[in-house]
Amino acid sequence: MDIITEIISPFERQRIQQQISLYKQKLKGSSARLVAVSKTKPLEAVLAAYETGQRDFGENYVQELVSKWKDGPTDIRWHFIGHLQSNKVKFIAPFIYMIHGVDSFRLLAEIDKQAAKAGRQIQVLLQLFIAQEETKFGLDEAEAVDVLSAAKAGRFPNVIIAGLMGMASNTDDSRVVKAEFDRMARLKNKWSTEYACPTVQLTELSMGMTNDLDQALAAGSTMVRIGTAIFGARNYGPQ
Ligand SMILES: *Cc1c(COP(=O)(O)O)cnc(C)c1O
(Lines give C-alpha, C1' and ligand atoms only; values in the text may rest on other atoms or scores of the structure.)
Protein backbone atom coordinates (compact mmCIF):
# COMPACT_ATOMS: atom_id res chain seq x y z
CA MET A 1 0.00 0.00 0.00
CA ASP A 2 1.29 3.40 -0.93
CA ILE A 3 0.26 5.68 1.92
CA ILE A 4 0.83 8.89 0.06
CA THR A 5 -0.90 8.44 -3.25
CA GLU A 6 -3.90 6.41 -2.16
CA ILE A 7 -7.00 8.36 -3.12
CA ILE A 8 -10.19 8.41 -1.12
CA SER A 9 -13.66 8.69 -2.64
CA PRO A 10 -15.77 11.87 -2.39
CA PHE A 11 -18.14 9.89 -0.21
CA GLU A 12 -15.37 8.90 2.17
CA ARG A 13 -14.12 12.46 2.32
CA GLN A 14 -17.55 13.78 3.19
CA ARG A 15 -18.01 11.15 5.89
CA ILE A 16 -14.69 12.10 7.53
CA GLN A 17 -15.68 15.77 7.54
CA GLN A 18 -19.09 15.01 9.03
CA GLN A 19 -17.52 12.92 11.78
CA ILE A 20 -15.03 15.66 12.62
CA SER A 21 -17.83 18.18 13.09
CA LEU A 22 -19.82 15.68 15.10
CA TYR A 23 -16.90 15.17 17.50
CA LYS A 24 -16.13 18.90 17.70
CA GLN A 25 -19.75 19.31 18.74
CA LYS A 26 -19.45 16.56 21.36
CA LEU A 27 -16.38 18.23 22.86
CA LYS A 28 -18.00 21.65 23.13
CA GLY A 29 -18.41 22.54 26.75
CA SER A 30 -15.61 20.20 27.81
CA SER A 31 -11.95 21.10 28.22
CA ALA A 32 -10.82 18.47 25.72
CA ARG A 33 -9.40 18.87 22.26
CA LEU A 34 -9.66 16.34 19.50
CA VAL A 35 -6.62 14.40 18.33
CA ALA A 36 -7.68 12.70 15.09
CA VAL A 37 -5.91 9.35 14.92
CA SER A 38 -5.00 8.81 11.26
CA LYS A 39 -2.69 5.79 11.56
CA THR A 40 -2.84 3.44 8.57
CA LYS A 41 -4.99 5.97 6.68
CA PRO A 42 -3.75 7.82 3.58
CA LEU A 43 -2.65 11.45 3.63
CA GLU A 44 -5.77 12.23 1.58
CA ALA A 45 -7.86 11.28 4.61
CA VAL A 46 -5.77 13.60 6.80
CA LEU A 47 -6.29 16.40 4.28
CA ALA A 48 -10.05 15.89 4.29
CA ALA A 49 -10.04 16.44 8.06
CA TYR A 50 -7.55 19.31 7.74
CA GLU A 51 -9.94 21.19 5.47
CA THR A 52 -12.46 21.40 8.30
CA GLY A 53 -9.85 23.13 10.47
CA GLN A 54 -8.59 20.03 12.29
CA ARG A 55 -4.87 20.45 13.15
CA ASP A 56 -4.06 17.78 15.75
CA PHE A 57 -3.37 14.33 14.32
CA GLY A 58 -2.17 11.17 16.05
CA GLU A 59 0.05 8.49 14.55
CA ASN A 60 1.61 5.26 15.85
CA TYR A 61 4.11 4.22 13.22
CA VAL A 62 7.31 6.22 12.78
CA GLN A 63 7.86 5.64 9.08
CA GLU A 64 4.28 6.41 8.20
CA LEU A 65 4.32 9.53 10.36
CA VAL A 66 7.53 10.85 8.81
CA SER A 67 6.17 10.40 5.33
CA LYS A 68 2.92 12.20 6.15
CA TRP A 69 4.81 14.99 7.89
CA LYS A 70 7.03 15.50 4.83
CA ASP A 71 4.13 15.67 2.39
CA GLY A 72 1.45 17.25 4.58
CA PRO A 73 0.68 20.87 5.54
CA THR A 74 3.35 22.42 7.77
CA ASP A 75 0.93 23.67 10.45
CA ILE A 76 -0.30 20.22 11.47
CA ARG A 77 0.48 19.31 15.09
CA TRP A 78 1.64 15.69 14.93
CA HIS A 79 1.17 13.61 18.06
CA PHE A 80 2.98 10.31 18.49
CA ILE A 81 0.52 8.21 20.47
CA GLY A 82 1.78 4.63 20.34
CA HIS A 83 4.63 2.65 21.79
CA LEU A 84 7.84 4.38 20.66
CA GLN A 85 11.12 2.51 20.38
CA SER A 86 14.15 4.42 21.59
CA ASN A 87 16.08 3.87 18.37
CA LYS A 88 13.34 5.62 16.36
CA VAL A 89 13.14 8.83 18.39
CA LYS A 90 15.69 10.54 16.18
CA PHE A 91 13.41 10.36 13.14
CA ILE A 92 10.60 12.35 14.73
CA ALA A 93 12.53 14.64 17.11
CA PRO A 94 12.91 17.46 14.57
CA PHE A 95 9.17 18.02 14.16
CA ILE A 96 6.99 16.08 16.63
CA TYR A 97 4.53 18.26 18.58
CA MET A 98 3.93 15.85 21.45
CA ILE A 99 4.91 12.29 22.37
CA HIS A 100 2.10 10.70 24.40
CA GLY A 101 3.44 7.28 25.29
CA VAL A 102 6.56 7.77 27.41
CA ASP A 103 6.73 4.50 29.31
CA SER A 104 10.33 4.28 30.50
CA PHE A 105 13.14 6.37 31.95
CA ARG A 106 15.35 5.20 29.10
CA LEU A 107 12.94 6.40 26.42
CA LEU A 108 12.66 9.81 28.06
CA ALA A 109 16.46 10.08 28.27
CA GLU A 110 16.65 9.37 24.54
CA ILE A 111 13.94 11.94 23.72
CA ASP A 112 15.87 14.48 25.79
CA LYS A 113 19.07 13.72 23.89
CA GLN A 114 17.45 13.88 20.45
CA ALA A 115 15.57 17.07 21.35
CA ALA A 116 18.91 18.69 22.20
CA LYS A 117 20.33 17.57 18.86
CA ALA A 118 17.32 18.97 17.04
CA GLY A 119 17.68 22.24 18.97
CA ARG A 120 14.20 22.18 20.46
CA GLN A 121 12.23 21.24 23.54
CA ILE A 122 9.79 18.35 23.06
CA GLN A 123 6.52 18.01 24.93
CA VAL A 124 5.82 14.55 26.31
CA LEU A 125 3.19 12.77 28.36
CA LEU A 126 3.99 9.98 30.79
CA GLN A 127 1.99 6.89 29.99
CA LEU A 128 0.53 5.37 33.13
CA PHE A 129 -0.39 1.75 33.39
CA ILE A 130 -3.98 1.95 34.65
CA ALA A 131 -5.72 -1.02 33.02
CA GLN A 132 -6.15 -4.56 34.20
CA GLU A 133 -4.62 -6.07 31.08
CA GLU A 134 -1.00 -7.06 31.31
CA THR A 135 -0.51 -6.41 27.62
CA LYS A 136 -0.68 -2.64 27.88
CA PHE A 137 2.39 -0.48 28.23
CA GLY A 138 2.95 2.15 30.87
CA LEU A 139 4.72 3.24 34.05
CA ASP A 140 3.41 2.25 37.43
CA GLU A 141 3.09 4.95 40.08
CA ALA A 142 6.52 4.39 41.59
CA GLU A 143 8.23 4.50 38.20
CA ALA A 144 6.38 7.68 37.26
CA VAL A 145 7.49 9.29 40.52
CA ASP A 146 11.10 8.35 39.75
CA VAL A 147 10.86 10.02 36.36
CA LEU A 148 9.18 13.14 37.77
CA SER A 149 11.76 13.46 40.56
CA ALA A 150 14.60 13.19 38.06
CA ALA A 151 12.94 15.78 35.85
CA LYS A 152 12.52 18.16 38.77
CA ALA A 153 16.20 17.68 39.57
CA GLY A 154 17.01 18.90 36.06
CA ARG A 155 17.77 15.57 34.40
CA PHE A 156 15.74 16.25 31.22
CA PRO A 157 16.28 19.90 30.28
CA ASN A 158 15.12 19.41 26.68
CA VAL A 159 11.69 18.00 27.35
CA ILE A 160 8.56 19.36 28.95
CA ILE A 161 6.51 16.75 30.76
CA ALA A 162 3.12 18.20 29.93
CA GLY A 163 0.80 15.62 31.44
CA LEU A 164 -0.28 12.01 31.64
CA MET A 165 -1.67 9.54 29.14
CA GLY A 166 -3.48 6.29 29.79
CA MET A 167 -5.52 3.57 28.21
CA ALA A 168 -8.35 2.10 30.24
CA SER A 169 -9.28 -1.56 30.41
CA ASN A 170 -11.06 -2.94 27.42
CA THR A 171 -14.33 -3.75 29.19
CA ASP A 172 -18.02 -3.02 28.86
CA ASP A 173 -18.15 -2.13 32.54
CA SER A 174 -18.10 1.64 32.34
CA ARG A 175 -17.58 1.97 36.11
CA VAL A 176 -14.22 0.22 35.83
CA VAL A 177 -13.19 2.52 32.99
CA LYS A 178 -14.36 5.62 34.83
CA ALA A 179 -12.49 4.59 38.00
CA GLU A 180 -9.27 4.14 36.01
CA PHE A 181 -9.61 7.56 34.40
CA ASP A 182 -10.48 9.16 37.75
CA ARG A 183 -7.31 7.73 39.21
CA MET A 184 -5.26 9.34 36.46
CA ALA A 185 -6.93 12.68 37.08
CA ARG A 186 -6.15 12.47 40.81
CA LEU A 187 -2.50 11.63 40.15
CA LYS A 188 -2.19 14.48 37.70
CA ASN A 189 -3.57 16.94 40.24
CA LYS A 190 -1.32 15.66 43.00
CA TRP A 191 1.86 15.52 40.95
CA SER A 192 1.25 18.81 39.16
CA THR A 193 1.94 20.68 42.40
CA GLU A 194 4.52 18.29 43.89
CA TYR A 195 6.80 18.29 40.86
CA ALA A 196 6.03 21.68 39.32
CA CYS A 197 9.14 23.20 37.68
CA PRO A 198 10.04 24.55 34.23
CA THR A 199 10.28 21.05 32.74
CA VAL A 200 7.31 19.53 34.59
CA GLN A 201 4.03 21.28 33.83
CA LEU A 202 1.32 18.69 34.18
CA THR A 203 -1.73 20.17 32.53
CA GLU A 204 -2.77 17.54 29.99
CA LEU A 205 -4.71 14.32 30.45
CA SER A 206 -4.68 12.31 27.24
CA MET A 207 -7.42 9.75 27.74
CA GLY A 208 -10.44 8.56 25.84
CA MET A 209 -10.78 6.82 22.50
CA THR A 210 -13.75 5.95 20.31
CA ASN A 211 -15.21 3.48 22.80
CA ASP A 212 -14.58 5.19 26.14
CA LEU A 213 -14.92 8.85 25.22
CA ASP A 214 -17.77 9.68 27.58
CA GLN A 215 -16.08 8.27 30.68
CA ALA A 216 -12.87 10.11 29.78
CA LEU A 217 -14.65 13.43 29.37
CA ALA A 218 -16.44 12.93 32.68
CA ALA A 219 -13.06 12.38 34.35
CA GLY A 220 -11.57 15.59 32.91
CA SER A 221 -9.74 14.52 29.77
CA THR A 222 -8.01 17.34 27.89
CA MET A 223 -7.13 15.32 24.78
CA VAL A 224 -9.21 12.56 23.27
CA ARG A 225 -7.66 10.30 20.65
CA ILE A 226 -10.31 9.27 18.14
CA GLY A 227 -9.50 7.10 15.15
CA THR A 228 -12.10 4.58 14.02
CA ALA A 229 -15.12 6.82 14.53
CA ILE A 230 -13.60 9.47 12.24
CA PHE A 231 -11.65 7.58 9.61
CA GLY A 232 -13.42 4.22 9.65
CA ALA A 233 -12.11 0.77 10.58
CA ARG A 234 -8.42 0.17 10.05
CA ASN A 235 -7.19 -2.40 7.61
CA TYR A 236 -3.93 -3.94 8.77
CA GLY A 237 -3.26 -5.78 5.53
CA PRO A 238 0.25 -6.27 4.12
CA GLN A 239 1.87 -2.86 3.64
C1 LIG B 1 -5.20 3.58 17.64
C2 LIG B 1 -5.16 4.36 18.88
C3 LIG B 1 -6.21 5.23 19.22
C4 LIG B 1 -7.47 5.38 18.40
O5 LIG B 1 -8.30 4.30 18.66
P6 LIG B 1 -9.78 4.20 18.04
O7 LIG B 1 -10.38 3.06 18.75
O8 LIG B 1 -9.60 3.93 16.58
O9 LIG B 1 -10.48 5.48 18.28
C10 LIG B 1 -6.08 5.96 20.39
N11 LIG B 1 -5.00 5.86 21.17
C12 LIG B 1 -3.98 5.04 20.88
C13 LIG B 1 -2.81 4.97 21.77
C14 LIG B 1 -4.03 4.25 19.73
O15 LIG B 1 -3.02 3.43 19.46
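Residues numbered from 1 in each chain as written. Predicted model: local features only at pLDDT ≥ 70, side-chain atom pairs only at ≥ 80, totals over all residues. Heavy atoms only, no water.

(A) Seen up close, the packing of helix α6 (residues 141-152) against helix α7 (residues 174-194). In the contact formed by α6 and α7, the axes pass within 12 Å of each other and the chain directions differ by 25°. One finds that α6 runs roughly parallel with respect to α7. Regarding α6 and α7, the two cross each other, and that crossing is right-handed. Judged by residue contacts, Glu 141, Ala 144, Val 145, Leu 148 and Lys 152 of α6 engage Arg 183, Leu 187, Trp 191 and Glu 194 from α7. Among the residues forming the contact of α6 with α7, the class breakdown is five nonpolar, no polar and four charged. (Axes fitted to C-alpha atoms, helices over the stretch in contact; angles between N-to-C directions. Helix = DSSP H or I, 4+ residues; strand = E, 2+ residues; numbered from the N terminus. Parallel < 35°, antiparallel > 145°, perpendicular 65-115°, else oblique. Left-handed = near helix turned anticlockwise from the far one by under 90°. Contact = heavy atoms within 4.5 Å. Nonpolar A, V, L, I, M, F, W, Y, C, P; charged D, E, K, R; others polar.)

(B) Quick look at the side chain of Glu 59. Tracing the backbone shows Glu 59 in strand β2 (residues 56-59). For Glu 59, a relative accessible area of 0% translates into the label buried. In terms of polar contacts, Glu 59 uses its side chain to reach the side chain of Ser 38, at 2.6 Å. If near-sequence neighbours (up to four positions away) are discounted, Glu 59 is found in contact with Ser 38, Lys 39, Glu 64, Leu 65, Lys 68, Trp 78, His 79, Phe 80, Ile 81 and Gly 82. (Buried < 20%, exposed > 50% of the residue type's maximum accessible area, 1.4 Å probe, protein only. Polar contact = N/O pair within 3.5 Å; in protein donor to acceptor, adjacent residues only side chain to side chain.)

(C) Looking closely at the site of the ligand. In the region of the ligand, 13 residues are neighbours, and Lys 39, Thr 210, Arg 225, Thr 228 and Arg 234 sit closest. For the ligand, an oxygen atom lies 2.8 Å from a polar atom in the backbone of Gly 227. In the model, an oxygen atom of the ligand is placed 2.8 Å from a nitrogen or oxygen of the Arg 234 side chain. Tallied by class, residues from the shell around the ligand come to six nonpolar, four polar and three charged. (Near = heavy atom within 4 Å.)

(D) Quick peek at the layout of surface pockets. Considered as a void within the structure, the largest pocket measures approximately 800 Å³ in volume. Forming the walls of the largest pocket are 30 residues, and the residues nearest its centre are Lys 136, Met 167, Ala 168, Met 209 and Arg 225. For the lining of the largest pocket, the class distribution of residues is 10 nonpolar, 14 polar and six charged. (1 Å grid on protein atoms, 1.4 Å probe; cavity = no way out; pocket = protein on both sides within 12 Å on 5 of 7 lines; lining within 4 Å. Points joined across faces, edges and corners; volume = space filled by probe spheres on them.)

(E) Highlighting the nonpolar core. If you look at the biggest cluster of nonpolar residues, it comprises 70 residues, and the most contacted ones within it are Ile 92, Ile 99 and Ile 161. Ignoring sequence-local partners within four residues, the contact set of Ile 99 consists of Phe 80, Leu 84, Ile 92, Ile 111, Ile 122, Gln 123, Val 124 and Leu 125. (Core = buried A, V, L, I, M, F, W, Y, C linked by side-chain atoms within 4.5 Å.)

(F) Just the pattern of salt bridges, in detail. Applying the stated criterion across every chain yields a total of 13 salt bridges. Arg 55 is the salt-bridge partner of Asp 75, the closest N and O atoms lying 3.2 Å from each other. Of this pair, Asp 75 sits in the loop between α3 (62-71) and β3 (77-80) while Arg 55 is found in the loop between α2 (43-50) and β2, placing the two residues 20 residues apart along the sequence. With a relative accessible area of 38%, Asp 75 lands in the partly exposed category. Between Arg 183 and Glu 141 there is a salt bridge; the shortest N-O distance is 3.1 Å. On the criterion of sequence distance, the pair formed by Arg 183 in helix α7 and Glu 141 in helix α6 is long-range, its members being 42 residues apart. (Salt bridge = Lys/Arg side-chain N within 4 Å of Asp/Glu carboxyl O.)

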